[in-house]
Amino acid sequence: MKQVDLYCHMPWTGNEESLRDRVFLFCIDKKCMTGKVIAVTRLSTNEKFELAVSFIEPKYFENEKKIGSRITIQEASEILAEGIVTRVP
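Residues numbered from 1 in each chain as written. Predicted model: local features only at pLDDT ≥ 70, side-chain atom pairs only at ≥ 80, totals over all residues. Heavy atoms only, no water.

A word on the nonpolar core
Core analysis: the largest hydrophobic core is formed by 20 residues, its most contacted members being Leu-6, Leu-19, Phe-26, Leu-51 and Ile-71. Elements that contribute at least two residues to this core include exactly β1 (6–11), β2 (23–28), β3 (31–42), β4 (48–55), β5 (70–75) and β6 (78–87). With four residues, the single largest contributor to this core is β4. Apart from the residues lying within four places of it in its own chain, the contact partners of Leu-6 are Ile-28, Leu-51, Ala-52, Val-53, Phe-55, Lys-65, Ile-71, Val-85, Arg-87 and Pro-89. (Core = buried A, V, L, I, M, F, W, Y, C linked by side-chain atoms within 4.5 Å. Buried < 20%, exposed > 50% of the residue type's maximum accessible area, 1.4 Å probe, protein only. Helix = DSSP H or I, 4+ residues; strand = E, 2+ residues; numbered from the N terminus. Contact = heavy atoms within 4.5 Å.)

Below, the structure is given as structure tokens:
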């Protein structure tokens, strides 16, 4: 398993399998980096998940990846989901 760079809670209306092992553009504040969702856990709330994310360059978000930071999942310029950082290993 790849190294987890952060965990976040994210609403997702699609199938959770469509998140797993897929490459997305992740943005925290105004910085963006390609990363992969390597684990998905459904939370007790419907359509909300905890995602374990691994980035191509793990130290890129070193100053931005703080608990409570806003994070988005994007494809090109379209925001697919917005959530918050919940854990940083």
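Topic: the pattern of salt bridges
Counting across every chain of the model gives four salt bridges. In this structure, Lys-31 engages Glu-64 in a salt bridge whose closest nitrogen and oxygen atoms are separated by 3.5 Å. Of the two residues, Lys-31 sits in strand β3 while Glu-64 sits in the loop between β4 and β5, which places them 33 residues apart along the sequence. By relative accessible area, Lys-31 is classed as partly exposed at 27%. (Salt bridge = Lys/Arg side-chain N within 4 Å of Asp/Glu carboxyl O.)

Side note on the pairing of β3
Alignment of β2 against β3, held across six bridges, turns out to be antiparallel. Bridge pairing in β3 links Phe-26 to Met-33. Sheet analysis places β3 next to β4, joined by seven bridges and oriented antiparallel. Its bridge partner being in β4, Val-40 is matched across the sheet by Leu-51. (Pairing = 2+ DSSP bridges.)

Points about the side chain of Ser-69
Relative to the helices and strands, Ser-69 is located in the loop between β4 and β5. Residue classification places Ser-69 among the buried positions, given a relative accessible area of 14%. When sequence neighbours within four positions are dropped, the list of residues in contact with Ser-69 reads Ile-28, Glu-64, Gly-83, Ile-84 and Val-85.

Examining the state of the cysteines
Throughout the structure, instances matching the rule amount to one disulfide. The partner cysteine of Cys-27 in its disulfide is Cys-32, sulfur to sulfur 2.0 Å. On the sign convention where negative means left-handed, the S-S torsion of about 105° between Cys-27 and Cys-32 marks this disulfide as right-handed. Classification of Cys-27 as buried rests on a relative accessible area of 4%. Accessibility expressed as a relative area gives 31% for Cys-32, which makes it partly exposed. A disulfide-free cysteine, Cys-8 has its sulfur positioned 12 Å from the sulfur of Cys-27, the nearest such atom. Classification of Cys-8 by relative accessible area gives buried; the value is 0%. (Disulfide = S-S within 2.5 Å.)

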